[in-house]
Each structure stands twice: as C-alpha cells, then as structure tokens.
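Structure at a glance
Spelled out from the first residue to the last, the chains are:
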Amino acid sequence: MAELCPCGSKKEYSSCCEPLLKGEKVAVNPLELLRSRYTAHVKGDVDYIINTVLPSKRKEHRVEGIRKWIDSAEWLGLTVINAPDVDADATEGKVEFIANYREKLRKIDHHEIASFKKEEGVWYFDDSEFPFQQVVNEGPKVGRNDPCRCGSGKKYKKCYGAQKVTVLRRKTWKTLKISY
C-alpha cells in the first residue's frame, strides 16, 4: 500500500509533497507550500524548510533550532483553518493552520497564520503571526488559597494555578504563568 502524505491531503506522498521536497517541482500556491513545509517537519528535512524561507529572511532562521524542534517532536497532523484562493498573478498569500505535535509527552496545538510571498515565480514563507484567542472563565474566580477545582485537595496555587505554558511569540520563547 502506498504511503499517504503527512500533510493531510489524503493523496499519496509520492504524488503530493515528495516532488516538492526533492526539488522536482515548486509549490503553485501558499497552501501547497505550507503543506510541503509541514511534511518537511515530519520527514526531518531541515534544508527544505530553510530553502523555502524568503531569501532575504533566511539569516533569521537557525538551522540547529529547527533541527532540535523537529527531532524532539512527534508530528501528529496538520489542520488548515483558512487558505484563501490566490490567482496566478498574486504575489502574497496567507494560510491559517494548526500543526499538532507531541513534545515531552505534552500535546501541542501550534496555531499560526503564515504569510507567503512570491518572488521570481517561486512561493516562499515570509513571516507568521499568532491569532489571539480570548479565554472567558465561566465560573466564579478561584483564589490562590482556595481548594483546586480539579478535586485534588491541593490549594489552587499548588495545583492548576502553578501550571506554566510555553508560548511562541515572534521568534522568542516565553514562559507564561496561567491564571484562572
């Protein structure tokens, strides 16, 4: 049985992203480039990831950092949220997606809006932004010294109030303390 492409297109890898990763063809639109870049993460092809970044921005991307991220993650799937059609004359495009992966036993949903630019007939990854999602807490506010809502018997500040989340913000990692 033929291998399905990791990008989630439900096509065979050999006719989907493999020709792009091998350099046999170039992406025809931002969505195809995004899917092939995700597949490169799954396959560990750091060179493809770097080579599909806008040439003027490649120096901003660290090969070792990308390699470390790829090697430490178990890639679980790609969900495309929004990929507007672009016409043949377009030079810019955006794709909103969620890349699911597991790292150190934690499942992570990497939600991003990727920007792409076309130069000399070739699409490249340009930049990304993270959609902001407002979280609304539906119940009464839990105090730091109140019992935790999970029923553990611990104080909230020693249980869920002590959890930390790592968030990627514009090429720097920040650890934020969650407060409920």
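Heads up: these notes are all about the structure in this document. Along each chain, residues carry numbers from 1 onward, in the same order as the chain's sequence is written. Per-residue local features of the predicted model are confined to residues with pLDDT of at least 70, and side-chain atom pairs are confined, for both listing and counting, to 80 or more; whole-chain, interface and lining totals are unaffected and use all residues. Side-chain measures were taken over the full set of non-hydrogen atoms in the model, leaving aside hydrogen atoms and water.

1. A few points about the overall build of the protein chain
To keep it simple, the criterion reads: To qualify as a helix, a DSSP run of H or I must reach at least 4 residues; to qualify as a strand, a run of E must reach at least 2; elements of each kind are numbered from the N terminus. The cut-offs for exposure are 20% and 50% of the maximum accessible area for each residue type, with area from a 1.4 Å probe on protein chains only; residues under the lower value are buried, those over the upper are exposed, and the others partly exposed. Note on contacts: a residue pair is in contact if any heavy atoms of the two residues lie within 4.5 Å. All accessible areas in this document rest on Shrake-Rupley with a 1.4 Å probe, and a residue is counted as covered only by the protein chains that are shown.
Of the regular secondary structure elements, the protein chain holds 4 helices and 6 strands. When its helices and strands are written in sequence order, the protein chain yields α-α-α-α-β-β-β-β-β-β. Among the 180 residues that make up the protein chain, the fraction classed as buried is 36%. Excluding contacts between residues fewer than 6 apart, the proportion of contacts in the protein chain whose partners are at least 24 apart in sequence is 39%. Of the roughly 11,800 Å² of accessible surface on the protein chain, 49% is carried by carbon and sulfur atoms.

2. With respect to the pairing of strand β3 (residues 106-119)
On any regular strand, side chains alternate: one points to one face of the sheet, the next to the other face. Just so we agree on the cut-off: Pairing between strands is defined by DSSP: at least two bridges between the two strands are required.
In this structure, strand β2 (residues 92-103) lies alongside β3, joined through 12 bridges in antiparallel fashion. Paired with isoleucine 98 across the two strands is histidine 111, which belongs to β3. Between β2 and β3, which pair antiparallel one after the other, the connecting turn spans 2 residues, and lysine 104 there sits at a positive phi close to 50 degrees. The pairing of β3 with strand β4 (residues 122-129) spans 7 bridges and is classified as antiparallel. Paired with alanine 114 across the strands is serine 128, a residue of β4. Between β3 and β4, which follow one another and run antiparallel, lie 2 residues, and glutamate 120 among them has a positive phi close to 50 degrees.

3. Notes on unusual backbone geometry
A positive phi is found at lysine 104, a non-glycine position, where the angle reads about 50 degrees. Mapped onto the elements, lysine 104 comes out in the loop between β2 and β3. On the basis of relative accessible area, lysine 104 is assigned to the exposed category, the value being 76%. Within the chain, glutamate 120 stands out as a residue other than glycine whose phi angle is a positive 50 degrees.

4. Side note on the packing of aromatic side chains
Stated formally: Note on aromatic contacts: the rings of Phe and Tyr and the six-membered ring of Trp form a pair at centre separations within 6.5 Å, being stacked when their planes are under 30 degrees apart, edge-to-face when over 60 apart, and tilted otherwise.
Scanning the entire structure with this criterion turns up 5 aromatic pairs. With centroids separated by 5.6 Å and ring planes inclined at 80 degrees, the aromatic side chains of tryptophan 69 and tyrosine 101 adopt a geometry described as edge-to-face. Pair noted here: tryptophan 69 is in helix α4 (residues 63-72) and tyrosine 101 is in strand β2, with a separation of 32 residues, a long-range link. Assessed through its relative accessible area of 22%, tryptophan 69 is described here as partly exposed. Take tyrosine 101: its relative accessible area is 2%, and that puts it in the buried class. Ring plane angle 40 degrees and centroid distance 4.9 Å describe the contact between tryptophan 75 and tyrosine 101, whose orientation is recorded as tilted. Taken as a pair, tryptophan 75 in strand β1 (residues 73-82) and tyrosine 101 in strand β2 lie far apart in primary sequence, 26 residues in all. Under the relative-accessibility criterion, tryptophan 75 is labelled buried at 14%. Taken together, the aromatic side chains of Tyr38, Trp69, Trp75 and Tyr101 make up a single cluster linked through ring pairs.

5. Considering the pattern of salt bridges
Here is the rule we go by: Any Lys or Arg side-chain nitrogen found within 4 Å of a carboxyl oxygen on Asp or Glu counts as a salt bridge.
Under the definition given, this model contains 9 salt bridges. Lysine 57 is the partner of aspartate 126 in a salt bridge, and the nearest nitrogen-oxygen pair spans 2.9 Å. Placement of aspartate 126 in strand β4 and of lysine 57 in the loop between α3 (46-51) and α4 is noted, with a sequence separation of 69 residues between them. Notably, a salt bridge pairs glutamate 64 with arginine 67, separated by 3.7 Å at the nearest N-O pair. Highlighted residues: glutamate 64 and arginine 67, both in helix α4, separated by 3 residues, approximately one helical turn. Among the charged side chains, a salt-bridge network with shared partners connects Lys57, Lys117 and Asp126.

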